[in-house]
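Report on the structure
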Amino acid sequence: MFTGIITDIGTIGAVEQRGDTRVVVHTSYDTATIDLGASIACSGVCLTVIDKSGPGVPGWFAVDVSGETVSRTAQGQWTAGRRLNLERALKIGDELGGHIVTGHIDGIGEVVSIMPEGGSHRVDIRCPAEIAPFIAAKGSVTVDGVSLTVNSVADQPGGSAVFGLNIIPHTWQVTAFGAMAVGNAVNLEIDVLARYLARMKDYMCA
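A brief report on the enclosed structure follows. Within each chain, residue numbers correspond to sequence positions counted from 1 in written order. Per-residue local features of the predicted model are confined to residues with pLDDT of at least 70, and side-chain atom pairs are confined, for both listing and counting, to 80 or more; whole-chain, interface and lining totals are unaffected and use all residues. Computation of side-chain values covers all heavy atoms of the structure but excludes hydrogens and water.

**Focus: the pattern of salt bridges**
Salt bridge, as used here, is a side-chain nitrogen of Lys or Arg placed within 4 Å of a carboxyl oxygen of Asp or Glu. On inspection of all chains with the given rule, the structure shows five salt bridges. A salt bridge links Asp64 to Arg22, with the nearest nitrogen and oxygen atoms 2.8 Å apart. Here the residue Asp64 occupies a position in strand β5 (residues 60-65), and Arg22 occupies one in strand β2 (residues 20-26), the gap between them amounting to 42 residues. Between Arg122 and Asp124 there is a salt bridge, with the nearest N and O atoms lying 3.1 Å from each other. A run of H or I in DSSP counts as a helix once it spans at least four residues, and a run of E counts as a strand once it spans at least two, with each numbered from the N terminus.

Shown next, in the form of C-alpha cells:
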C-alpha cells in the first residue's frame with residue numbers, strides 16, 4: 001500500500017527485454033535500506049525490486065515489468081531517460097499524508113490543458129468512460145502515483161470525463177509533473193473507497 005506522497009524522482013537508466021521488460025531506475029534512495037522483494041511505486045505502478053546497487057556506487061534498483069503491466073500503463077513510460085515518481089511502500093505507523101493507494105492502474109488519462117493559476121498550475125485530464133463514474137469533485141485521484149484532490153468534473157459525450165486539478169508549486173517541483181505537457185498519457189488510479197462504494201451499490205441494487 002502507498003499514500004501517493006512522492007519521495008523521490010527516479011530516472012530510467014536502462015531497459016532490457018528478457019521475456020518481461022527489465023527496467024533499471026536510478027534513485028537517490030539509500031539502496032542499503034531497500035530489501036530485494038520490496039515494493040516501490042513507479043509513477044503509480046507497484047513493482048517488485050529484483051536487484052539493486054551495492055555500497056559505494058550511485059543508487060539504482062531493477063524491476064521486471066510484465067507485458068500486462070506495459071499494456072495497461074501510460075504509453076512510452078518504460079523508456080530510457082523517462083522520469084518516474086517514486087514512493088516506497090507504507091509502513092505501519094507511517095503518516096497517511098495523501099490517501100490509500102494500491103499501485104494498480106485503473107485507466108490511462110490524457111492531459112488536455114495546462115494553465116498557470118496564481119502560483120499553481122491548473123491541469124485538465126480526460127479519463128476514459130470506464131472510470132469516469134469514479135471521479136468526483138473534492139474526491140481523491142492518483143495521477144502518475146501522486147495523490148491529488150479533484151477540483152471539477154465535466155462529463156463528455158460517449159461517457160468519458162474531463163477533470164481539473166490544482167497542482168501547487170511544491171508538488172510541481174518535487175514530482176515529475178514539471179515535465180508534463182499537453183497530450184501526455186498519465187496513469188490513473190481511482191480512490192479505493194469509490195471502488196468499494198460502487199460495488200456495494202451494485203450489490204444492493206441486484
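**Here's the deal with the packing of aromatic side chains**
For any two aromatic rings, the description comes down to two numbers: the centre-to-centre distance and the angle of the planes. Centre distance within 6.5 Å is the pairing criterion for rings of Phe, Tyr and Trp, where only the six-membered ring of Trp is used; planes under 30 degrees apart are then read as stacked, over 60 as edge-to-face, and the remainder as tilted. Counting across every chain of the model gives zero aromatic pairs. Positioned above the aromatic ring of Tyr29, the side-chain terminus of Arg88 is 5.8 Å from the ring centre. For a ring to carry a charge above it, either NZ of a lysine or CZ of an arginine must fall within 6 Å of the ring centroid while also lying within 35 degrees of the normal to the ring plane.

**Considerations on unusual backbone geometry**
Of all residues except glycine, most have a negative phi; of all peptide bonds, most are trans. Within the chain, Ser43 stands out as a residue other than glycine whose phi angle is a positive 50°. One non-glycine residue, Asp144, lies in positive phi territory at about 50°. Positionally, Asp144 belongs in the loop between β9 (140-143) and β10 (146-155).

**Overview of the sheet that holds β5**
Taken in spatial order, the six strands line up as β1-β2-β5-β4-β3-β6 and close into a barrel, and their pairing is antiparallel. Looking at each pair of strands side by side, their axes are set apart by 45° on average, direction ignored. For two strands to be treated as a pair, DSSP must find at least two bridges joining them. Lines fitted to the C-alpha atoms define the axes, with helices restricted to the stretch that makes contact. Angles between their N-to-C directions range from 0 to 180 degrees.

**Side note on the sheet that holds β9**
Either a parallel or an antiparallel arrangement is found when strands of a sheet pair, and the pairing is made through backbone hydrogen bonds. Around the barrel, which closes on itself, the six strands sit in the order β7-β8-β11-β10-β9-β12 with antiparallel pairing between neighbours. Sheet twist, expressed as the mean angle between neighbouring strand axes with direction ignored, is 45°. Pairing analysis gives four bridges linking strand β7 (residues 107-117) to strand β12 (residues 185-190), with the strands arranged antiparallel. Across the sheet, residue Gly107 finds its bridge partner in β12, namely Leu188.

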